[in-house]
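Single-letter residue listing:
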Amino acid sequence: MRRRSFLWVIMGLLTIPGVSAGEKNPSKMAPTFRALDVFSEVYGHIKREYVETVDPSTLVYSAIAGMARALDAHSEFLTPTELARFRRSTRGGLVGVGIEIAVRDEDLVVVTVLPGAPAAEAGIVAGETIRRIDGRRSRGMTLGRAVRTLQGEAGTLVELQLVGHDGRARPEVLKRRFVEVESVAGGLIQKGVAHLRVRGFQRDTAKRLSALLGRLQEKAGGELAGVILDLRDNAGGLVAQA
């Protein structure tokens, strides 16, 4: 299972390791200050000389996002707007097109299409590759960034360029709407063996998983011989539920 980690940074409360009022070894601070000098110089050049006016928060947020991406493929910085959207997505539903995606060899691949969702109605199927989202190349996007790009306000449109199993590219324009997402599903696949799939870690995932396991245990006659916990292409979510 590939785990997603979320790096939440509150601007104004950011503390740089090795820099504090009580620092007793100035030599340890030098590399940090040199790096900050470079950042400050580049920031100043952009503010003074770029051909268009750039919002300062955009520059700072983008710089922090770059730091997070440099850690590993799963660490991300969420802006306040993105964080609010992420929190809404952990409540058991979201506004989007109804697909689960994964990053494979830097490409966005459709893993699951939720029944009755806009993607299903458009004929999108698992295994297809998303090449562009609203005209932007999706190759190299982080999973979190791609998911948030597909989400949005109910009633708004998103244009996808997909490559099907036949290798042909085609456009699809989908209207976003609220899609209910069950984080836990499962059943008995053979006598006494339960298969439990966890799509993501929402606020009540642990409670739902426990309840489903209890029902399957009762259905199996009071005892299970084994449990398969399926976390393939899990969308991530709340660490406390994991």
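Look above for the structure.
The structure displayed is predicted, hence computed values, not measured ones.

Definitions and cut-offs
Residues numbered from 1 in each chain as written. Predicted model: local features only at pLDDT ≥ 70, side-chain atom pairs only at ≥ 80, totals over all residues. Heavy atoms only, no water. Phe/Tyr/Trp six-rings, centres within 6.5 Å; stacked < 30°, edge-to-face > 60°. Helix = DSSP H or I, 4+ residues; strand = E, 2+ residues; numbered from the N terminus. Buried < 20%, exposed > 50% of the residue type's maximum accessible area, 1.4 Å probe, protein only. Expected span 1.5 Å × (residues − 1).

(A) Layout of the packing of aromatic side chains. All chains considered together, the criterion is met by 2 aromatic pairs. On the basis of an interplanar angle of 20° and a centroid distance of 6.4 Å, the ring pair of Phe39 and Tyr43 is categorised as stacked. Residue Phe39 and its partner Tyr43 are located together in helix 1 (residues 26–49), separated by 4 residues, close to a single helical turn. With a relative accessible area of 40%, Phe39 lands in the partly exposed category. Judged by centre distance (5.4 Å) and plane angle (45°), the ring pair of Tyr61 and Phe77 falls under tilted. Of this pair, Tyr61 sits in helix 2 (residues 56–71) while Phe77 is found in strand 2 (residues 75–77), placing the two residues 16 residues apart along the sequence. Assessed through its relative accessible area of 3%, Phe77 is described here as buried.

(B) The arrangement of helix 2 in detail. With 16 residues, helix 2 ought to run about 22 Å at 1.5 Å a step, and its terminal C-alpha atoms sit 24 Å apart, in line with that. All of the buried residues along helix 2 are Leu59, Ile64, Ala65 and Ala68.

Worth remembering: the numbers are spatial, not functional.
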